[in-house]
Amino acid sequence: MQKTVVILGAGPGGIAAARALRGLLPADDRIVVVDRHDEQRLGVSLLLIMRGWREPHEVAIRPSRVLNGFVEFLPAEVLGVDPAARRVETSAGPLGYDAVLLALGAELVPETIPGLAHALENGVAGHCWALPAALQLRERLHCFAGGRILVVIARLPYKCPPAPYEAALLIRDLVEERGLATSTEITVVTPEPSPLAVAGPAVGEQLTRYLASRGVSVRTGEQLVSVDPRHREVTFASGTRELFDLLVVVPPHRAATVARDAGLTEGDWVPASLRTMRTNVAGVWAIGDLAAVRVRDTLMVPKAAVFAQQQAEIAARDIARALGYDVPEPEIRAVGRCWFLAGRRSAGVIEGDFLAEPRPAVTFTEPTAEGYALMEAELATWLAQDPLTGGA
Ligand SMILES: Cc1cc2nc3c(=O)[nH]c(=O)nc-3n(C[C@H](O)[C@H](O)[C@H](O)COP(=O)(O)OP(=O)(O)OC[C@H]3O[C@@H](n4cnc5c(N)ncnc54)[C@H](O)[C@@H]3O)c2cc1C
């Protein structure tokens, strides 16, 4: 009998899962990918756009074209998931399923920190964790007249652990280009005990040294409590207050609303098994940014596209097996490598194996011009999966 697998979300996780599943399921089984947007960008593009090195249209692919011919793409809002009825409600009507894979990502919730949403609205704060905000921050940086920039990580976890440090370096590069080097001070403030704590203290020290050599300082162990947009002041849980001229913030994240409304979350995230990506609910799998995939009690796999794609492979095999097909067991991996952008069009690499014992094995290779060229080549390969963007 024909089976239907519904994939919610066409980000890197959803697209990778669609490809993997198509390779495992018989041709007449239905695979439907649902997303409200038919436009996707890699996270690294948001940093490039914020710095002004790329325009949004240059770094976008259309899932409908990427998936065309091998799975169905449904451009629709996902309104709800009913695991008991095995049905997804969408703005284009209901969809029954045999298996559903949640790849809806994380949403940003600045309103959970007093004053932050207002600060973002009136322009004293900005961020680059979503496209419109990255463009707005770019504008603000072009009007910035010098002063104190605080880059504050509001909560853990968030998408792409190195990105706030990259953002600080790119902002430093931009203000230097605008002749504001001596009149601008940039500090990253994080709740972690060291920058990129998941990478261990040695990488934290190396990164801190690198940032200092480029004019960016770091303060650790500070939890943001509130923002006062009128006085341009932030307050931390320690009681410390800091004035700023521009606040660049990593807004708090949590699992997409649909997952929360369906009762699939514990705390802010959807728990999913490292070995199978199954949630606690029959017939429902979860991957990527919305999932809490734990290696140990204290360690959650970081939220990055590279992990969402590996999790997609694991989920695809487990779904195929659960549907009764004879496919190999999933291979458990949590190995990640991502670019680390810095000023003067340079890029380094952060890579790590999060299954290594007794702790993750992570290295940081400092940015170079050659690294930037390799990053651009990888971005071009990713864009080439869309026959129009890639051919342009
Ligand atoms: C500044 C920045 C830099 C980054 N750099 C890197 C990097 O260098 N390397 C790396 O690996 N990762 C990086 N990332 C992280 C990466 O972008 C995310 O981890 C990745 O996109 C997660 O993929 P996902 O498929 O889980 O979710 P997403 O990419 O968020 O996709 C979720 C999809 O679900 C859709 N959706 C959500 N709710 C609904 C709904 N109700 N109805 C319909 N559709 C819905 C959304 O439209 C979206 O298309 C970066 C992120 C940022 C912000």
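Residues numbered from 1 in each chain as written. Predicted model: local features only at pLDDT ≥ 70, side-chain atom pairs only at ≥ 80, totals over all residues.

Caption draft 1: Quick peek at the nonpolar core. Ranked by size, the top nonpolar core spans 132 residues in total, and within it Leu101, Leu102, Leu247 and Ile287 carry the most contacts. Looking at which domains feed residues into this core, each of domain 1 (4-36 + 76-107 + 254-332) and domain 2 (110-251) gives three or more. (Core = buried A, V, L, I, M, F, W, Y, C linked by C-beta atoms within 7 Å. Buried ≥ 20, exposed ≤ 12 C-beta atoms within 10 Å, placed from the backbone. Domains from an automatic or database assignment.)

Caption draft 2: Region of interest: the environment of Leu341. By secondary structure assignment, the location of Leu341 is in strand E22 (residues 335-342). Between the C-alpha atom of Leu341 and that of Ile287, which follows or precedes it by 54 residues, the distance is 26 Å. Every residue in contact with Leu341, bar those within four places of it in the chain, is listed here: Val44, Leu47, Glu166, Leu170 and Ala347. (Helix = DSSP H or I, 4+ residues; strand = E, 2+ residues; numbered from the N terminus. Contact = placed C-beta atoms within 7 Å.)

Caption draft 3: Region of interest: the sheet that holds strand E3 (residues 72-75). Read across the sheet, five strands follow the order E3-E2-E1-E7-E19 without closing on themselves; strand pairing throughout is parallel. Because the sheet does not close on itself, it has two edges, and the strands there are E3 and strand E19 (284-286). Across the sheet, the mean angle from the axis of one strand to that of its neighbour is 20°, orientation sign disregarded. Across three bridges, the pairing between strand E7 (residues 99-102) and E19 is parallel. Residue Leu101 lies in a different strand from E19, and its bridge partner there is Trp285. The sheet contacts of helix H1 (residues 12-24) involve strand E1 (4-8), strand E2 (30-35) and E7, and relative to E2 the element is tilted by about 175°. (Pairing = 2+ DSSP bridges. Axes fitted to C-alpha atoms, helices over the stretch in contact; angles between N-to-C directions.)

Caption draft 4: Quick look at helix H5 (residues 131-143). The end-to-end C-alpha distance of H5, which contains 13 residues, comes to 19 Å, matching closely the 18 Å that a straight helix rising 1.5 Å per residue would cover. The complete set of buried residues in H5 reads Ala133, Ala134, Leu137 and Leu141. For H5, the angular spread of the buried residues around the axis is 100°, confining them to a single face. Exposed side chains of H5 directed beyond 90 degrees from the buried face belong to Pro132, Glu139, His142 and Cys143. Elements that come into contact with the buried residues of H5 comprise helix H2 (43-51), strand E9 (125-126), helix H6 (163-177) and strand E16 (246-250). (Expected span 1.5 Å × (residues − 1). Arc of directions from axis to C-beta.)

Caption draft 5: Representation of the site of the ligand. Taken together, 36 residues lie near the ligand, and Gly11, Gly13, Gly43, Gly105 and Gly288 sit nearest. Where the shell around the ligand is concerned, the elements lending two or more residues are H1, E2, H2, helix H9 (305-322) and E22. Top element by residues in the shell around the ligand is H2. It accounts for four residues. Considered class by class, the residues forming the shell around the ligand number 21 nonpolar, nine polar and six charged. (Near = placed C-beta within 6 Å. Nonpolar A, V, L, I, M, F, W, Y, C, P; charged D, E, K, R; others polar.)

Caption draft 6: Examining unusual backbone geometry more closely. In this structure, Pro157 follows Leu156 across a cis peptide bond, with omega equal to -10°. One can find Pro157 in the loop between strand E10 (147-153) and H6. Cis geometry is adopted by the peptide bond preceding Pro358, which originates at Glu357 and carries an omega value of 0°. Of note in the backbone geometry, Cys160 takes a positive phi value of approximately 65° without being a glycine. Even without being glycine, Arg232 reaches a positive phi, approximately 50°.

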